[in-house]
Amino acid sequence: MALTQTERQILEKTPEDGILARAMDLLHGRLALVSSFGAESALLLAMIAEIDADFPVFFLETRRHFPETLAYRDELASFLGLTNLRSVGPSDKALHDRDPQDMLADFDPDACCALRKVEPMDAALNDFDAWITGRKRGQAATRAAMPVFEPLDDGRAKINPLAAWTGAQIETEMTRRNLPRHPLTALGFRSIGCAPCTRAVAEGEDPRAGRWAGQTKTECGIHLPAR
């Protein structure tokens, strides 16, 4: 499945501040949101809920999340009235066959991400022509060139409606909307993934510096650096 040439042209020409609503209307039934329910996720989820509370929202249940993330997911979904939240993750058999001791991340984090994130999400999104992400250019150097409309090699696309938003803008809007906060943000966690691979960040560090700290790895594989 893929976007038509007309759809691509429309979305490429849509102003950044209107691309979320336009994409949700144009690609109705063929578009989904992928959310980590992390430090800044509430804002995009709130924007989605205002337009369509039954819009499909995918959450990757890697089985390695902080308990706080799982509790926050449920709290935020209830607060926003989300009615189509779908948790996806690896099967019991895949975990047994490829990570029987739950230690794969310790010696091969790329393989762990493939097992727990990339492959389950690829399968979940197979029937969708595009998907929405909450990534921002200011999160890390690997995302600095990320476009709002991001065509993929297979003819599908990612929509990144908050790409140009700064941390200050997001904070202001989250405060204005009185959105619930992930409890770990109060402890210095600015980008929150699986518990074994995430730490709090120091003042002045990139928000994603706490992900796979001390390794060359910067992305799980779902989102490759924009070229």
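Above this text you will find the structure in question.
Residues numbered from 1 in each chain as written. Predicted model: local features only at pLDDT ≥ 70, side-chain atom pairs only at ≥ 80, totals over all residues. Heavy atoms only, no water.

Peer 1: Just to check I follow, could you spell out the overall build of the protein chain for this structure?
Peer 2: Each helix and strand counted, the protein chain has eight helices and six strands in total. Reading the secondary structure of the protein chain in the N-to-C direction produces α-α-β-α-β-α-β-α-α-α-β-β-β-α. For the protein chain, the C-alpha radius of gyration of 17 Å lies close to 17 Å, the compact-globule estimate for 227 residues. In terms of overall dimensions, the protein chain has C-alpha extents of about 50 × 40 × 35 Å along its principal axes. Here the protein chain, with 227 residues, has 49% of them falling under the buried criterion. If you sum the accessible surface of the protein chain, you get close to 11,000 Å²; carbon and sulfur atoms cover 51% of it. Treating the 27 positive side-chain charges of the protein chain as one cloud and the 33 negative ones as another, the clouds have centres 2 Å apart. (Helix = DSSP H or I, 4+ residues; strand = E, 2+ residues; numbered from the N terminus. Rg over C-alpha atoms; globule rule 2.2 N^0.38 Å. Buried < 20%, exposed > 50% of the residue type's maximum accessible area, 1.4 Å probe, protein only. Areas by Shrake-Rupley, 256 points an atom, 1.4 Å probe, with all protein chains shown as cover. Lys, Arg positive; Asp, Glu negative; His and termini not counted. Charge placed at Lys NZ, Arg CZ, Asp CG, Glu CD.)

Peer 1: So what exactly am I meant to see when it comes to the pattern of salt bridges here?
Peer 2: Pairing between side chains of opposite charge can happen when the charged atoms of each approach one another. Counted under the stated rule, the structure contains 17 salt bridges. In this structure, the salt-bridge partner of Arg177 is Glu50, at a minimum N-O distance of 2.8 Å. Separated by 127 residues along the polypeptide, Arg177 in the segment after helix 8 (167-176) and Glu50 in helix 3 (residues 41-51) bring together distant segments of the chain. A salt bridge links Glu173 to Arg176; the nearest nitrogen and oxygen atoms lie 2.6 Å apart. Taken together, the positions of Glu173 and Arg176, both in helix 8 and three residues apart, correspond to about one turn of that helix. Linked by salt bridges that have partners in common, Glu50, Glu173, Arg176 and Arg177 make up one network. (Salt bridge = Lys/Arg side-chain N within 4 Å of Asp/Glu carboxyl O.)

Peer 1: Looking at this structure, I do not really get the pairing of strand 3 (residues 85-88). What am I missing?
Peer 2: For a regular strand, side chains alternate in direction, first toward one face of the sheet and then toward the other. Here strand 2 (residues 57-60) pairs with strand 3 via four bridges, running parallel. Bridging from a neighbouring strand, Leu60 pairs with Val88 of strand 3. Handedness of the strand 2-helix 4 (residues 67-80)-strand 3 crossover: right-handed. (Pairing = 2+ DSSP bridges. Right-handed = clockwise from strand over helix to strand, strands pointing away.)

Peer 1: When you look at the sheet that holds strand 6 (residues 157-159) in this model, what are you seeing that I'm missing?
Peer 2: Pairing between sheet strands relies on hydrogen bonds along the backbone, with the strands arranged either parallel or antiparallel. The six strands lie next to each other as 3-2-1-4-6-5, forming an open sheet whose pairing is mixed. Strands with a single pairing partner mark the edges of an open sheet, and in this sheet they are strand 3 and strand 5 (149-151). Ignoring which end each strand starts from, the neighbouring axes of this sheet average 30 degrees apart. Both strand 1 (residues 31-34) and strand 2 contribute to a ladder of two bridges, which runs parallel. (Axes fitted to C-alpha atoms, helices over the stretch in contact; angles between N-to-C directions.)

Peer 1: Where do I start with the packing of aromatic side chains in this structure?
Peer 2: To describe a pair of aromatic rings, one takes the distance between the centres and the angle between the planes. One pass over the full model with this rule turns up three aromatic pairs. Ring geometry for Phe66 against Phe189: centres 5.6 Å apart, planes inclined by 75 degrees, an arrangement best described as edge-to-face. Residue Phe66 is located in the loop between strand 2 and helix 4, and its partner Phe189 is located in the segment after helix 8; the two are separated by 123 residues in the primary sequence. Taken individually, Phe66 and Phe189 each receive the classification buried, so the pair is uniform in this respect. (Phe/Tyr/Trp six-rings, centres within 6.5 Å; stacked < 30°, edge-to-face > 60°.)

Peer 1: Explanation requested: the layout of surface pockets in the structure shown.
Peer 2: Take a probe with the size of a water molecule and roll it over the atoms, and the empty space left behind shows itself. Reported here for the second largest pocket is a volume of approximately 210 Å³. If you go around the second largest pocket, the residues you meet are Ala39, Glu40, Gly167, Ile170, Glu171, Met174, Arg181, Thr185, Phe189 and Arg190. In terms of residue class, the lining of the second largest pocket is made up of four nonpolar, two polar and four charged. (1 Å grid on protein atoms, 1.4 Å probe; cavity = no way out; pocket = protein on both sides within 12 Å on 5 of 7 lines; lining within 4 Å. Points joined across faces, edges and corners; volume = space filled by probe spheres on them. Nonpolar A, V, L, I, M, F, W, Y, C, P; charged D, E, K, R; others polar.)

Peer 1: I would appreciate a short explanation of unusual backbone geometry in the present structure.
Peer 2: Peptide bonds are, in most cases, trans, and in most cases residues other than glycine have a negative phi. The phi torsion at Phe37 lies on the positive side, around 50 degrees, for a residue other than glycine. Here Phe37 shows up in the loop between strand 1 and helix 3. Looking at Phe37, the relative accessible area reads 0%, which means it is buried. Positioned with a positive phi, Arg63 is a non-glycine residue whose angle comes to about 70 degrees. Tracing the chain through its elements places Arg63 in the loop between strand 2 and helix 4.

Geometric descriptors of this kind do not, in isolation, establish any biological role.
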